[in-house]
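# Descriptive structure summary
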Amino acid sequence: MQENRHRLGWIGMGRMGYPMAERLIKAGYDVSVWNRTRAKAEPLAEKGAKIVDKPADLADVDILFTMVSTGKDLDQVYFGTDGVIDGRTSGPVPRIFVDCSSISVPESAVFRDRIAALGSEFLVAPVSGNGKCVKAGKLSSVVSGPENVYEVVKPYLQAIAGAGVAYVGDGDLARFCKIAHNVMLGVVTQNLVEITVLAEKAGVPRHAFLEFINNSVMGSTFTRYKSPSLVNLDWTTTFTPALLRKDLDLGLAAGREYNTPMPVTAATREALQAHFGAASLQDDPAAYLEKDFAALLETQALLSGIKVESENKPVKTGLEVEG
């Protein structure tokens, strides 16, 4: 089949799934979409997508993309009632399954085996970034699985991940890379809140300090797009502290498995744990822990003997989309 003739399916219209599928549709590809809450997918119909009633309606696509929350969700949309396969032993099956979700390596291996038994191929393609990164063309992806299958899917992944796609090898190596990535996310965030609070205690406004960092060689896409949150204490959720803790634990477990010391990661894990204790001081601790992990700034301030307030300053994210 020629690239532009592939029929694509997409499952998952969350904070990440919607803009990722939208990029495929805007690139002119033939995309059929399903989401548990149909209303979340319907705006894409105006942009050229076909909205289907159940995952089973995507059984005859050539390439099926998924972006869901958990391994349990993935099992449901693949093999559950009205799922893409739904226990069938005959009939159409997508030729290639591409999962962009963040699930564990053991879960992923089970899906790989079950999909192989159907005569289909499985690629894993987790991503780095948030919904704004997707829209700004700054999402990146890491991919593993059979290289010849990757070459077939590569143009579509490049349409989704405007910052680049890295192929790292066979099997579930991309899952491993995503865990390592999130370990770095935790370490960088903890260090960033430490130095930001330190600068504030010395008398430097947060917005001014972060402007300096972002303009320096140490600045990054991440430090820039997190700056508005840190300046204005906006904890709109992109990633929760519990999910970050899970990934730090997975990273530390991998370090033990491969006899690799990870002292900085271990220290970050303990600093993060303090955030869970500090949440008990909030009116609704459970709700607070569902807020964005950038709220670590408040815990660092608490441990430093100060209370931070919003500076109410307009701060660019670096992800602004023109037009």
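Here the structure is shown first, and the text comes after it.
## What to know about the overall build of the protein chain
Assigned secondary structure in the protein chain consists of 13 helices and 9 strands. In summary, the protein chain has a C-alpha radius of gyration of 21 Å against a globular reference of 20 Å for 323 residues, a match within 12%. Over its C-alpha atoms, taken along the principal directions, the protein chain stretches across nearly 65 × 50 × 40 Å. Out of the 323 residues belonging to the protein chain, those deemed buried represent 48%.

## Remarks on the pattern of salt bridges
Evaluated as defined, the whole model comprises 15 salt bridges. Where Asp-57 meets Lys-54, a salt bridge forms, and the shortest distance between an N and an O atom there is 3.2 Å. The exposure class of Lys-54 is partly exposed, given its relative accessible area of 31%. Between Glu-200 and Arg-206 there is a salt bridge whose closest N-O contact spans 3.0 Å.

## Looking at the environment of Gly-129
Structurally, Gly-129 is set in the loop between strand E7 (127-128) and helix H5 (131-135). Judged by its relative accessible area of 30%, Gly-129 is partly exposed. Taking C-alpha positions, Gly-129 is 5.3 Å from Leu-139, a pair spaced 10 residues apart along the chain. When neighbours within four sequence positions are excluded, Gly-129 is seen to be in contact with Met-16, Leu-139 and Tyr-225.

## Let's talk about helix H13 (residues 296-303)
Among the residues of H13, Leu-296, Leu-297, Thr-299, Gln-300 and Ala-301 are the ones counted as buried. Here the buried face of H13 lies against helix H7 (173-202), helix H8 (206-215), helix H9 (221-232) and helix H11 (263-278). Taken from the residues just after H13, Gly-305 is the one with a positive phi, measuring 85°.

## Structural notes on the packing of aromatic side chains
In this structure the tally under the stated criterion is 10 aromatic pairs. Between Tyr-150 and Tyr-167 the ring centres are 4.9 Å apart and the planes differ by 20°, which places this aromatic pair in the stacked class. With Tyr-150 in helix H6 (residues 147-160) and Tyr-167 in strand E9 (residues 164-169), the pair connects residues that are 17 residues apart, well separated along the chain. Taken together through their ring pairs, the aromatic side chains of Tyr-78, Phe-79, Phe-97 and Phe-111 make up a single cluster. Over the ring of Phe-79 we find Arg-114; its NZ or CZ atom is 3.7 Å from the centre of that ring. One cation-aromatic arrangement involves Arg-245 over Phe-276; the distance from NZ or CZ to the ring centre is 3.7 Å.

## Some thoughts on the packing of H7 against H13
Interaxial distance between H7 and H13 falls to 9 Å at its minimum, and their mutual angle equals 50°. Considered as vectors, H7 and H13 are oriented oblique to each other. The two elements H7 and H13 meet at a crossing, and its hand is right-handed. In this structure, H7 uses Thr-189, Gln-190, Val-193, Glu-194, Thr-196 and Val-197 to contact H13, whose residues at the interface are Leu-296, Leu-297, Gln-300 and Ala-301. Counted by class, the contact of H7 with H13 contains 5 nonpolar, 4 polar and 1 charged residues.

Thresholds applied
- Just so you know, the residues in each chain are numbered from 1, in the order the chain's sequence is written.
- For this predicted model, a pLDDT threshold of at least 70 governs which residues receive local features, and a threshold of 80 or more governs which side-chain atom pairs are given and counted, while totals over whole chains, interfaces and linings are taken from all residues.
- Values reported for side chains reflect all heavy atoms of the structure, with hydrogen atoms and water molecules removed beforehand.
- Numbering of helices and strands runs from the N terminus, with a helix taken as a DSSP run of H or I at least four residues long and a strand as a DSSP run of E at least two residues long.
- Note that the radius of gyration is over C-alpha atoms, with the globule rule given as 2.2 Å times the number of residues to the power 0.38.
- Residue burial is assigned from relative accessible area. The probe radius is 1.4 Å, only protein chains are included, and a residue is buried under 20% of its type maximum, exposed over 50%, and partly exposed in between.
- Think of a salt bridge as a Lys or Arg side-chain nitrogen and an Asp or Glu carboxyl oxygen that are within 4 Å of each other.
- Contacts were defined at the residue level, with two residues in contact if any of their heavy atoms lie within 4.5 Å.
- Put simply, two rings from Phe, Tyr or Trp (the six-membered ring, in Trp's case) pair if the centres are within 6.5 Å, and we call them stacked under 30 degrees between planes, edge-to-face over 60, tilted for the rest.
- For a ring to carry a charge above it, either NZ of a lysine or CZ of an arginine must fall within 6 Å of the ring centroid while also lying within 35 degrees of the normal to the ring plane.
- To get an axis, a line is fitted to the C-alpha atoms, and for a helix only the part in contact is used. The angle between two axes follows their N-to-C directions and goes from 0 to 180 degrees.
- Here is the rule for angles: anything less than 35 degrees is roughly parallel, anything more than 145 is roughly antiparallel, 65 through 115 is roughly perpendicular, and the remaining ranges are oblique.
- By definition, any crossing whose near helix is turned counterclockwise from its far helix by less than a right angle is left-handed, and any crossing with a clockwise turn is right-handed.
- Just so you know the grouping, Ala, Val, Leu, Ile, Met, Phe, Trp, Tyr, Cys and Pro go in nonpolar, Asp, Glu, Lys and Arg go in charged, and all remaining residues, Gly too, go in polar.

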